[in-house]
Amino acid sequence: AIQLAKHVFKAKEVATTARSGEKSDLCRKLGADTVIDYTTHKFEEKLREFDFALDLTHEAERMAVILKKGANIVSVTGKPTVSSLIEIGYPVSLWVKFYLWIIRDNKRINAARKHGVSYHYLIMQPSSKDMHKIVKEASSSRIHAVIDSIHPLNKALDAIKRLESGHAKGKIVISMLDECLEEKRSNPSKGASKSPQPSGKPVDVLAENQALARRDRRENIQEKKEEETRRDPLPKEEKERKDLKDVQIS
């Protein structure tokens, strides 16, 4: 989000919250102009006159005060709204409207209304159009994927533990490629998988995974050919002659 705001949407000032140290340094490296340590300061006491706020941490009700009149808060946390369901084409019956009205988040709605800003709930959904835009920006090096660690599928529990530790600096990736390929990449000489080492550095994961996928396809093709040869060791021409002879005899 920091990279998109700064390098794609060309925001004049980007502010975020992070624990001081490596995480705050990483945020600044990605483009954040202001990084507030949430363990010692409240961002609503430090920030003012922003045009937009994105809530990823259940803090939308605290964001209204930092915005200009008429600005927008968008949240991906909390309870959905009727308008958010309509946006994704979900059928909204009278009962659904009634239920959402009962569970509505009054704190967020009232805080936004009090400060003259708009509150929107965003339901995340797959979008090939958006993904193509992100790939385009990544290809132009305007944004980079920040990877904390990559885990093979059979080490998914390690990835969850890393996430729950709260120490991750970037995305934690679970690779869905063939586990054998993952082992070969980690240790080509022995084929033994190593525990991924967190780096927090930009990694060209797209190019890396594309290369692994190509190698995977080549190996699958070769395995299929070898399997066909084991099932039918006769060369193609000899097989055709044999089939023709069988037809003539019959």
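Fair warning: this is a prediction, and the values are worked out from it, not measured in the lab.

The rules behind these values
Residues numbered from 1 in each chain as written. Predicted model: local features only at pLDDT ≥ 70, side-chain atom pairs only at ≥ 80, totals over all residues. Heavy atoms only, no water. Helix = DSSP H or I, 4+ residues; strand = E, 2+ residues; numbered from the N terminus. Buried < 20%, exposed > 50% of the residue type's maximum accessible area, 1.4 Å probe, protein only. Contact = heavy atoms within 4.5 Å. Areas by Shrake-Rupley, 256 points an atom, 1.4 Å probe, with all protein chains shown as cover. Pairing = 2+ DSSP bridges. pLDDT = per-residue confidence, 0-100. Polar contact = N/O pair within 3.5 Å; in protein donor to acceptor, adjacent residues only side chain to side chain. Axes fitted to C-alpha atoms, helices over the stretch in contact; angles between N-to-C directions. Arc of directions from axis to C-beta.

**Quick notes on the overall build of the protein chain**
Looking only at helices and strands, the protein chain features 12 helices and eight strands. For the protein chain, with 250 residues in total, the buried portion stands at 24%. Residue pairs at least 24 apart in sequence account for 49% of intrachain contacts in the protein chain once pairs closer than 6 positions are excluded. Looking at the protein chain as shown, the accessible area adds up to about 17,600 Å², and 55% of this sits on carbon and sulfur atoms.

**Overview of the pairing of strand 5 (residues 118-121)**
Only one face of strand 5 is covered, namely the one carrying Tyr119 and Tyr121; the face carrying Ser118 and His120 has none of its residues buried. Note: strand 4 (residues 67-75) against strand 5, four bridges, orientation parallel. Among the inter-strand pairings, serine 75 is bridged to a residue of strand 5, identified as tyrosine 121.

**Examining the confidence of the model for the protein chain**
It should be kept in mind that the predicted coordinates are not to be read in detail where pLDDT is low. On average, residues of the protein chain carry a pLDDT of 83, and 78% of them reach 70 or more. Across residues 190-196, where pLDDT falls below 50, the model places 13 contacts with residues more than four positions away in sequence or in other chains.

**So, the environment of glutamate 44**
Of note, glutamate 44 is situated in helix 3 (residues 43-46). Residue classification places glutamate 44 among the buried positions, given a relative accessible area of 17%. The sequence separation of glutamate 44 and valine 65 amounts to 21 residues, and the corresponding C-alpha distance is 6.6 Å. Each residue touching glutamate 44, except ones within four places of it in the same chain, is listed here: Arg62, Val65 and Ile66.

**Observations regarding the side chain of histidine 151**
Its place among the elements puts histidine 151 in strand 6 (residues 146-152). Of the residues examined, histidine 151 reaches a relative accessible area of 5% and is grouped as buried. A polar contact of 2.9 Å, which involves the side chain of histidine 151, links it to the side chain of serine 149.

**Topic: the sheet that holds strand 5**
With parallel pairing, three strands are arranged side by side in an open sheet as 3-4-5. Both outer strands of the open sheet, strand 3 (50-55) and strand 5, are each paired with one neighbouring strand and no more. Strand-to-strand twist across the sheet, computed as the mean angle between neighbouring axes with direction ignored, equals 15 degrees. Where helix 7 (residues 106-114) meets the sheet, it contacts strand 3, strand 4 and strand 5, and its direction lies at approximately 150 degrees from that of strand 5.

**Side note on helix 7**
Arg108, Ala111 and Ala112 are the residues of helix 7 that are buried. One face of helix 7 carries all of its buried residues, which in axial projection span an arc of 95 degrees. Residues of helix 7 that are exposed and point more than 90 degrees away from the buried face comprise Arg113 and Lys114. Buried residues along helix 7 sit in contact with strand 3, helix 4 (60-63), strand 4 and strand 5. Trailing helix 7 by a residue or two, glycine 116 shows a phi angle of about 70 degrees, which is positive.

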